[in-house]
Structure formats: structure tokens, C-alpha cells
Amino acid sequence: MSNSSPLPEYMMNITGFVFYKVAEMSRQLYGHSLSPLGITEEQLGVMIVLQNVGPQVQARLSTPLRIDKATMVGIVNDLERQGLVKRVPHPQDRRAVQVHLTEAGSSMIGKAYEVSDNFVKQFFSVLSPEEQGMFHEMLVRLAKNAAPQADTILKQEENTRKSHE
């Protein structure tokens, strides 16, 4: 395989596979670009939800980010250790806690937006600004179309797992 092609030429005509590999490469590169900040993509996602929606019960953070609840516990634990979020007793439910974004978390989001902007400029530099806009719109349409299908698959997998327990 040459350096100019990410995949063997005979795989380049399989759109689904190419899309998967580009998504995988972009995730690796984006994660690498965030690593100097000491956060992951998932952690950034949690902080962005908190910034935009406000304090949330931990379990509710899973839904918009499409992250299972067990994984979310670890993400919130890591964010709390870094002082980027804090757990606070829920004002109406003594059994529950809410996750709040801290001032340090808000500051981190600002830094992450700068990193994200630089990543996008570099990663998408092969596309014109018009193509970048079109591509973004197409990705949003694809995500909206894929979400219900992915939800159905996740529910089926969860039901299968529960039936084997």
C-alpha cells in the first residue's frame, strides 16, 4: 500500500468500507489533537451537553451522546477527578446526583473548540469551503437517518444480552 492511498485500490470502490475507515482515521486524529488538553472526545461531549442543557442526572447524559450508562460512569469519574465536572445532590431527589460543569470545565470547552477548529481546518483542507459546508450538511442528514436504525439495533442487542443473563 502506498503512502498516497489509505486503502488498497481494490477497496476504494466499497463506499461503506471507505466511510468506515475515514471515520476511524478521523476519530484517531481528532483524539490525538485533543490529547494535549488531557481529555477525550467522549469527555468533551459530556461537557458540551452540560454546557448547553445544564446540570443532568448522570444516566441522562448517556442518551444524547449514545454512550452506554456503564461507560458514562467512568467518563464522569475521570472528568470529576480533573475538576471539570462535579456531582451535586439532586435538589428534588435525595437518591440522585446531578453532574454540573465547573468553571474549569467551561474553560476547557473553550480550549477544545480552538483545537477542534484547527483539526477541522487541517483534516478537511482537501475540500473547498463550499464542499466542507456541503459535507457537513450531508453528515447531519446521514446521522439523522441512521439514528433510529442504530437505536433499533442497540435495543435488540440489549434485549438479547438480557435474555442470556
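This text goes with the structure placed above it.
The structure contained in this document is the topic of the report that follows. (Residues numbered from 1 in each chain as written. Predicted model: local features only at pLDDT ≥ 70, side-chain atom pairs only at ≥ 80, totals over all residues. Heavy atoms only, no water.)

## Side note on the sheet that holds strand β1 (residues 56–57)
Step number 1: Pairing is antiparallel across the open sheet formed by 3 strands, whose spatial order is β1-β3-β2. Every interior strand has two partners, whereas the edge strands, β1 and β2 (85–89), have only one.
Step number 2: Of the pairings in the sheet, the one linking β1 to strand β3 (residues 97–101) comprises 2 bridges and is antiparallel in character. The residue bridging Val57 from the neighbouring strand is Gln98, located in β3.
Step number 3: The strands that helix α2 (residues 41–53) touches are β1, β2 and β3; relative to β3, the one it contacts most, it runs at about 95 degrees. (Pairing = 2+ DSSP bridges. Helix = DSSP H or I, 4+ residues; strand = E, 2+ residues; numbered from the N terminus. Contact = heavy atoms within 4.5 Å. Axes fitted to C-alpha atoms, helices over the stretch in contact; angles between N-to-C directions.)

## Structural notes on the environment of Glu80
Step number 1: Among the secondary structure elements, Glu80 is positioned in helix α4 (residues 69–81).
Step number 2: With a relative accessible area of 31%, Glu80 lands in the partly exposed category.
Step number 3: For the pair Glu80 and Thr102, spaced 22 residues apart in the sequence, the C-alpha separation amounts to 9.2 Å.
Step number 4: Those residues in contact with Glu80 that sit more than four places away from it in its chain are Val85, Lys86 and Arg87. (Buried < 20%, exposed > 50% of the residue type's maximum accessible area, 1.4 Å probe, protein only.)

## Thoughts on the pattern of salt bridges
Step number 1: Applying the stated rule across the entire model yields 6 salt bridges.
Step number 2: Taking the shortest distance from any N to any O, the salt bridge between Glu41 and Arg27 comes out at 3.7 Å. Highlighted residues: Glu41 in helix α2 and Arg27 in helix α1 (residues 15–34), separated in sequence by 14 residues.
Step number 3: For Arg27, a relative accessible area of 47% puts it in the partly exposed group.
Step number 4: Residue Arg95 pairs with Asp93 through a salt bridge whose shortest N-O separation is 3.2 Å.
Step number 5: Sharing partners across several salt bridges, the network here consists of Arg27, Glu41 and Glu42. (Salt bridge = Lys/Arg side-chain N within 4 Å of Asp/Glu carboxyl O.)

## Focus: a nonpolar patch on the surface
Step number 1: Together, Phe19, Leu139 and Leu142 give the surface a local cluster of nonpolar side chains, amounting to about 270 Å² of exposed area.
Step number 2: Tracing the chain through its elements places Phe19 in helix α1.
Step number 3: Judged by relative accessible area, which is 46%, Phe19 ranks as partly exposed. (Patch = residues over 30% accessible without salt bridge, like charges linked within 9 Å, V, L, I, M, F, W, Y side chains within 5 Å. Areas by Shrake-Rupley, 256 points an atom, 1.4 Å probe, with all protein chains shown as cover.)

## Topic: the nonpolar core
Step number 1: With 22 residues, the main nonpolar core has Ile39, Leu44, Met47 and Leu61 as its most contacted residues.
Step number 2: The set of elements that each furnish at least two residues to this core consists of α1, α2, α4 and α5 (103–123).
Step number 3: When residues no more than four places from it in sequence are discounted, the contact partners of Ile39 are Leu34, Leu44, Met47, Gln82, Leu84, Met108 and Ala112. (Core = buried A, V, L, I, M, F, W, Y, C linked by side-chain atoms within 4.5 Å.)

Without other data, these values stay purely geometric and don't point to any function.
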